[in-house]
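Tertiary structure, described
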Amino acid sequence: MSKAGKPKEKSESKDFCCSLCQKTEFKETVTLFHWYTQTSPFPYLLGFTGRTPFELYAEKITLASADRKFLLRILKDTLSGEHQAYLLHEEAHKYQNTFITFEHSWKEFLTDCQGQARLGRIDLELYPVKASVCPPCAIFQIPSFLNCARRIFPSYANENWKNSSLVMELFREQTPLTLKIQVEKPEVESELKRIVLILNNRERLIAVPRKGLALFELPEKVIPVQANLYE
Amino acid sequence: MNNQNHSPSSISPLQMENLFNQTLTNISSALNDREKVCLIAEFLQSTRPLPANLTYSFHLQLAGLFLYLTANFQPDCCPPEELKIYLSASRYLQSRFVGQLEENLFRESQNNLYFYLALNHFYLGELEEGLTALLSRQEINNETSSPSKQEELEKLKKELTPILPEIRQNAQNNELIVKVLFDHLKKLAGLDQDLDLVMEKWKSFSGWRDDSIYCCLVESSGLLKSAERARIISLESRCRRSTTVESQNLVRFSNLPAFSKEEIYLSATDAMEAADFSINKHFRLTLPPCTLIFSFSEKNFRYSGESLGLPLALIALAQKLLSAESRYHLSFSREAAFTGKIDLTGEIKPIEAEGLGLKIKAAFYSGIKYLVIPASNLKEARSVLFNLLSRHPWRKLELIPARTLEDVLNDSRITLKKIDSYARYLLRKKKFTMRKWLLGFLAAGIVISSFILINRNPSYHFWKIRHPVVLEVHNGNLFARNQERQLLWVYRPSKPIVAESLQQKFEDLDGDGNPEILVSGNYKSDEKLSSEIFCFNNKGEVQWSFRPGKRIQTLTDEFSNHFIINRFEVAAFNQNSPEKKVLIIANHTTWYPSQITLLNSRGEILGEYWQAGRLGRDTLVIEDLDDDGWKEIILAGTNNDFQSACLLVLDPRAIIGCSPSSGNPEFQFKDLPPGKQEYYLLLPRTTINKVMGIRNYVTLVEISRQDRTIDVTTAEYSKEMDCGMKYSFDFNLNPLLSRPADSLIEKIKELVISGLVPPHALTELRSLKDRIRYWDGEALVNHPVRNKKLNF
């Protein structure tokens, strides 16, 4: 993952660094609350029959949005001790490449195209968990050939970003390849928080844009397929 | 499996979550592992068409439990179709979570599932399918697919195809078919272990047992839930004689769920009554009440119903007969399962059609051969069985309809009746009484035998005075008697002893205060005599024995080993020591050598001296002649070498060698050293003695302690007549006088008058003492002298 953007002055670079370490305040988020459901019965069951518990992935917590459309299931890998989040929604663009943040943590997690995100060894026991999810506000499908600067219109966008567009320019002479993305949105002054470049099913590049501009250093021979905007 | 309809295409995450939670709830209330597996498989199957991202976390969450359960459960009576669904689910999970879960989990799960798939196919007689499942299992274990195995299987199938119909036709049941098949399969390397495992499982459905019986029961899911599945389960029982005075049977179940206890106890009480009724009717027995303890072979088996009645009654019957130690013994086949209600008279009542179907299904998919059902249910049972057979035509399950308990007991396929012989029955039943009688007889026998034994053996006559004072010989045996002439013991020697030869002495040899008994005697023999001396304790036990003589040789002759004890004497030779020694004088039975032997108190030889002539019986005196504290042994007799009477004195410390020799090789002992006698005297022969051509010899040696003289009497003319000389010696063996007996003088006078002897024969008698010769160790001299060779 590479961070892009070139602050020209010292104050700007300082702000940029601070912004990376602070919790991102996404604008369009959905808050998820603890969904009181039956937790895993297996330890009880197996323990009752005198056997050792055999639950490789134990359910730690399930969160749901107020409209019950989002469901975030957090499982714990009992062998490694790591947590995994599974974001469920009927619409694919709501769970694919969606940012997940937790109330008491500055960390942000991005789901993959299956809606899964590795949380690692986070502590979910200390306080009532409240999470926010931020799906992309606009999705742009990137064409296969980027020979010169091109303007692209979103394949999906919410109301605010309907008229937005991207100007993408690939600098082939540079090593590594550099992709310049400039977001153009005439009406709204909303600030973009993240631009995510989806390279394939697994690899994604996240950038913190400054005034709608982001530069991505691309791995060799990899052409991005999609660019998502988050506000 | 239940087919729950879900709409896979239109399901929200929340609905999915709810469905999942519902599944979890069902799993938590599932009866057993098989049901849990079934529920998970259902969930997986129904949600598989849904979008992958939606189901991912739910399937992942259930995968661990599913794999764990399928790797460990034992679905014995499971249709292969059901197992195939589980296998499919396991493979689906493997394809989806291959990187996230350990490979081993999938392998173990499929390993177990394939084994039970094979087993259940074999139960159903589907041999090819069973083999395929076993080979698949092997492939999983080897982690590689082996085309050669498949080829081998194909080849095997080709080989088996022509013979399978014949095997199927000849074999009575699927187990035998499988056995024959397995014999053919031994050549298929790698399957041996699996085949053994299959046969091991099948063994649980073979043999006869009197303490357990297979029941075909519908498992209850709970109070509100309908029954879904029947099981073949083993009901175990043991009977204990009732210790209470109550005249009714007691029933206990060691593992039963609380909600169905009352119903089952009622059913069991009826079954016990039916068993008693049947025992009375069938065996003509009235058995005492007892306590029967039942338990299912599985701890968590939940049952409620009445079809347990028949197996309960049967096992109660067998156990009651067993505990009452009756002649009759019942066992029930492990190839059969039983189900049916029973009334108090042993009549088997029908069961519900729904349960019957489930039971037949359970029996059908297990390894049992017979299912015993109420006769009234036969028609519907056949219908169910027919339906099942349409799917699995090779399964050989026989339905046995029974109207009463009698029908079951009389069917030799499912009931084994043994009747003990009366003798064995009595031995078993009356064993305590018989043991008592036997012990009584044994004790009486022991007492009588003891009386006889004691009476016959005087050694055990404890009431008698145990000190023998005399020994007698009767029929060659030695009889010891006490002072009251009571017989104390009898000793039977190897050969009979001549009564006349008996010599005995009672001496305390070992100084323990109890005198030992020394007895010598000659053995009767057709040939030459021999003798032996015994040392007994007062109980008649031989302490030691000694047989005199040996094969002694001169330079020209060899003497046979036939010596008889002439006399023996016991003495403490050293005045400073209380230890007593035994001196034995033995003469050769026919020839001249005599043996003088000194033994210690333990019968060990201390010294041995050989004399070339016989020694007399009354010519032994033991006396300390030189006052040195050691008693000398004074002996006399005749010397064949010198042809005259002789007198010798031996020191007990030096009893060795042989008497002096004249140099005549005929009398010169071979391999014997010169004798260490203290004195050796040759008494002169008289003229009459010479004229008559006989040897003179000493007949008597006496000692006078007061005068310190030794008086020696010889026989010069005849043994019968007192025609001898008398010599007197002091203790240094100096001759004091020699005097003829009056009868000798008279006889000589007669002979002189008749001219047979010269006149000096009479005059020489006074001077004979001067002609006594002494052996000085080297030669004979005419003056008194001690043996120079003796060092002390």
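Quick caveat, the model's predicted, so the values are computed rather than measured.

1. Some remarks on the overall build of chain A
Within chain A one finds three helices and 17 strands. When contacts within chain A are restricted to residue pairs at least 6 apart in sequence, long-range pairs at least 24 apart make up 55% of them. Accessible area of chain A: about 12200 Å², with a carbon and sulfur share of 50%.

2. Describing the overall build of chain B
Looking only at helices and strands, chain B features 19 helices and 33 strands. Looking at the 792 residues of chain B, the share that counts as buried comes to 55%. Within chain B, contacts between residues separated by at least 24 positions form 62% of all contacts whose residues are at least 6 apart in sequence. For chain B, the accessible surface area stands at approximately 36300 Å², while carbon and sulfur atoms represent 50% of it.

3. Thoughts on empty space enclosed by the protein
Residues and elements named next belong to chain B. Throughout the structure, instances matching the rule amount to three cavities of 30 Å³ or more. In this structure, the largest cavity spans a volume of roughly 90 Å³. Every residue lining the largest cavity is listed: Y123, N173, N174, E175, W202, F205, E335, G367, I368, K369, R395 and K396. Partitioning the lining of the largest cavity into residue classes produces four nonpolar, three polar and five charged.

4. Some points on the pattern of salt bridges
Oppositely charged side chains can pair when the atoms bearing their charge come close. Residues and elements named next belong to chain B. Evaluated as defined, the whole model comprises 34 salt bridges over all chains. Put simply, E778 and K788 hold a salt bridge, and the shortest N to O gap is 3.8 Å. In this pair, E778 sits in the loop between β32 (773-775) and β33 (780-781) while K788 sits in the segment after β33, placing the two residues ten residues apart along the sequence. Comparing E778 with K788 shows no difference in burial state: the two are exposed. Beyond isolated ion pairs, a larger network of salt bridges with shared partners links D343, E347 and K349.

5. Overview of the packing of helix α3 (residues 52-72) of chain B against helix α4 (residues 80-97) of chain B
Packed helix pairs are specified by the crossing angle of their axes together with the interaxial distance, meaning the distance between the axes. All names here are of chain B. Between α3 and α4, whose axes approach to 10 Å, the crossing angle comes to 120°. With respect to their mutual orientation, α3 and α4 come out oblique. Crossing geometry of α3 relative to α4 is assigned as left-handed. Contacts between α3 and α4 involve A52, N53, T55, Y56, H59, L60, A63, F66 and L67 on the former and, on the latter, Y86, A89, S90, Y92, L93, R96 and F97. Taken together, the residues of the contact of α3 with α4 sort by class into eleven nonpolar, four polar and one charged.

6. Quick look at a nonpolar patch on the surface
Together, B:V447, B:I448, B:F451 and B:I452 make up a nonpolar patch on the protein surface, roughly 400 Å² of accessible area in all. By the secondary structure assignment, B:F451 is in helix α16 (residues 431-456).

7. Quick notes on the packing of aromatic side chains
Counted by the stated rule, this structure contains 26 aromatic pairs over all chains. Put simply, the rings of B:Y123, B:W202, B:F205 and B:Y214 touch in pairs and so form one group of aromatic residues. Across from the ring centre of B:F20, 5.0 Å away, lies the NZ or CZ of A:R73, which sits over that ring. Over the ring of B:Y328 we find B:R327; its NZ or CZ atom is 6.0 Å from the centre of that ring.

8. So, the sheet that holds strand β6 (residues 108-110) of chain A
Residue and element names in this part refer to chain A. In spatial order, the strands read β6-β5-β8-β1-β2-β3-β4-β7; together these eight strands make up an open sheet with antiparallel pairing. If you trace the sheet from one side to the other, it starts and ends with β6 and β7 (116-120), each paired once. Each adjacent strand pair in this sheet contributes to an overall mean axis angle of 30°, direction not counted.

9. Some remarks on the side chain of B:S333
Residue and element names in this part refer to chain B. Tracing the backbone shows S333 in strand β6 (residues 328-333). Since its relative accessible area comes to 3%, S333 is described here as buried. Once residues lying within four places of it in the same chain are set aside, the contact partners of S333 are G207, W208, R413 and I414.

10. Some words on the pairing of strand β13 (residues 177-184) of chain A
Residues and elements named next belong to chain A. Inspection of the sheet shows strand β12 (residues 165-171) paired to β13 by seven bridges, in the antiparallel sense. The partner of L170 across the bridge, within β13, is L179. Where β12 folds back onto β13 in an antiparallel hairpin, the turn is made up of five residues. As defined by bridge partners, β13 adjoins strand β16 (residues 213-218) across six bridges and the pair is classed as antiparallel. The partner of Q182 across the bridge, within β16, is L213.

11. A look at the confidence of the model for chain A
Mean pLDDT over chain A stands at 79; residues scoring 70 or higher make up 77%. Across residues 1-7 of chain A, where pLDDT falls below 50, the model places 17 contacts with residues more than four positions away in sequence or in other chains.

12. Let's talk about the nonpolar core
All names here are of chain B. Among the nonpolar cores identified, the biggest contains 102 residues, and F66, Y86, L101, F122, F182, I232 and L371 are the most heavily contacted of them. Dropping the residues within four chain positions of it, F182 is found in contact with F122, L195, V198 and M199. By size, the runner-up hydrophobic cluster in this structure holds 50 residues, among which are C239, L256, A268 and L292.

13. A short note on the interface of chain A and chain B
Across the contact, 31 residues belong to chain A and 30 residues belong to chain B. Summed over both partners, the interface of chain A with chain B comes to about 2800 Å²; 61% of that surface belongs to carbon and sulfur atoms. Where chain A packs against chain B, one counts one salt bridge. A:R73 is the salt-bridge partner of B:E17, the closest N and O atoms lying 3.0 Å from each other. Joining chain A to chain B, the criterion identifies five residue pairs in polar contact (both at pLDDT 80 or more).

14. Quick look at the environment of B:L292
All names here are of chain B. Inspection of the secondary structure assignment puts L292 in strand β5 (residues 290-296). Separated by 24 residues in sequence, L292 and A268 have C-alpha atoms that sit 9.7 Å apart. Beyond its immediate stretch of four places on either side in the chain, L292 contacts S237, R238, C239, L250, V251, R252, M272, A316, Q319 and K320.

15. Focus: unusual backbone geometry
Residue and element names in this part refer to chain B. Here R485, not a glycine, exhibits a phi torsion of approximately 65°, which is positive. Summarising the element assignment, R485 is placed in the loop between β14 (477-481) and β15 (487-491). With a relative accessible area of 46%, R485 lands in the partly exposed category. In this structure, R708 takes a positive phi of about 55° despite not being glycine. Of note, R708 is situated in the loop between β28 (697-704) and β29 (709-715).

16. Structural notes on the pairing of strand β20 (residues 563-571) of chain B
All names here are of chain B. The buried fraction of β20 is high, at seven of nine residues. As judged from the eight bridges shared by β20 and strand β21 (residues 581-588), these two strands associate in the antiparallel manner. By the bridge assignment for β21, A571 is matched with K581.

17. Regarding the sheet that holds strand β10 (residues 150-152) of chain A
Residue and element names in this part refer to chain A. On the basis of which strands lie adjacent, the open sheet formed by four strands has the order β10-β12-β13-β16 and antiparallel pairing. With one partner strand each, in any of the chains shown, β10 and β16 form the two edges of the open sheet. Neighbouring strand axes in the sheet, compared pairwise and without regard to direction, differ in orientation by 25° on average.

18. So, the environment of B:F559
All names here are of chain B. If you trace the backbone, F559 turns up in the loop between β19 (542-546) and β20. The exposure class of F559 is buried, given its relative accessible area of 4%. Contacts of F559, omitting those with residues within four sequence positions, involve K550, R551, I552, T554, H588, W591, Y592 and P593.

19. Considerations on the environment of B:E632
Residues and elements named next belong to chain B. With respect to the secondary-structure elements, E632 resides in strand β25 (residues 632-639). Accessibility expressed as a relative area gives 0% for E632, which makes it buried. Between the C-alpha atoms of E632 and Q677, which are 45 residues apart in sequence, the distance is 10.0 Å. Not counting residues up to four positions away in its chain, the partners in contact with E632 are V621, I622, E623, D624, L625, D626, V649, L650, D651, P652 and E678. In this structure the side chain of E632 is engaged in a polar contact, spanning 2.8 Å, whose partner is the backbone nitrogen of L625.

20. Notes on the side chain of B:K359
Residue and element names in this part refer to chain B. Residue position: K359 is located in helix α12 (residues 353-364). An unpaired buried charge is present at K359: no salt bridge exists, and E352, the closest side chain of opposite charge, is 8.7 Å distant. Separated by 2.4 Å, the side chains of K359 and S307 make a polar contact.

Rules behind the numbers
Residues numbered from 1 in each chain as written. Chains lettered and ligands numbered in written order. Predicted model: local features only at pLDDT ≥ 70, side-chain atom pairs only at ≥ 80, totals over all residues. Heavy atoms only, no water. Helix = DSSP H or I, 4+ residues; strand = E, 2+ residues; numbered from the N terminus. Contact = heavy atoms within 4.5 Å. Areas by Shrake-Rupley, 256 points an atom, 1.4 Å probe, with all protein chains shown as cover. Buried < 20%, exposed > 50% of the residue type's maximum accessible area, 1.4 Å probe, protein only. 1 Å grid on protein atoms, 1.4 Å probe; cavity = no way out; pocket = protein on both sides within 12 Å on 5 of 7 lines; lining within 4 Å. Points joined across faces, edges and corners; volume = space filled by probe spheres on them. Nonpolar A, V, L, I, M, F, W, Y, C, P; charged D, E, K, R; others polar. Salt bridge = Lys/Arg side-chain N within 4 Å of Asp/Glu carboxyl O. Axes fitted to C-alpha atoms, helices over the stretch in contact; angles between N-to-C directions. Parallel < 35°, antiparallel > 145°, perpendicular 65-115°, else oblique. Left-handed = near helix turned anticlockwise from the far one by under 90°. Patch = residues over 30% accessible without salt bridge, like charges linked within 9 Å, V, L, I, M, F, W, Y side chains within 5 Å. Phe/Tyr/Trp six-rings, centres within 6.5 Å; stacked < 30°, edge-to-face > 60°. Lys NZ or Arg CZ within 6 Å of the ring centre and 35° of its normal. Pairing = 2+ DSSP bridges. pLDDT = per-residue confidence, 0-100. Core = buried A, V, L, I, M, F, W, Y, C linked by side-chain atoms within 4.5 Å. Buried area = accessible area lost by both parts, 1.4 Å probe. Polar contact = N/O pair within 3.5 Å; in protein donor to acceptor, adjacent residues only side chain to side chain. Lys, Arg positive; Asp, Glu negative; His and termini not counted.

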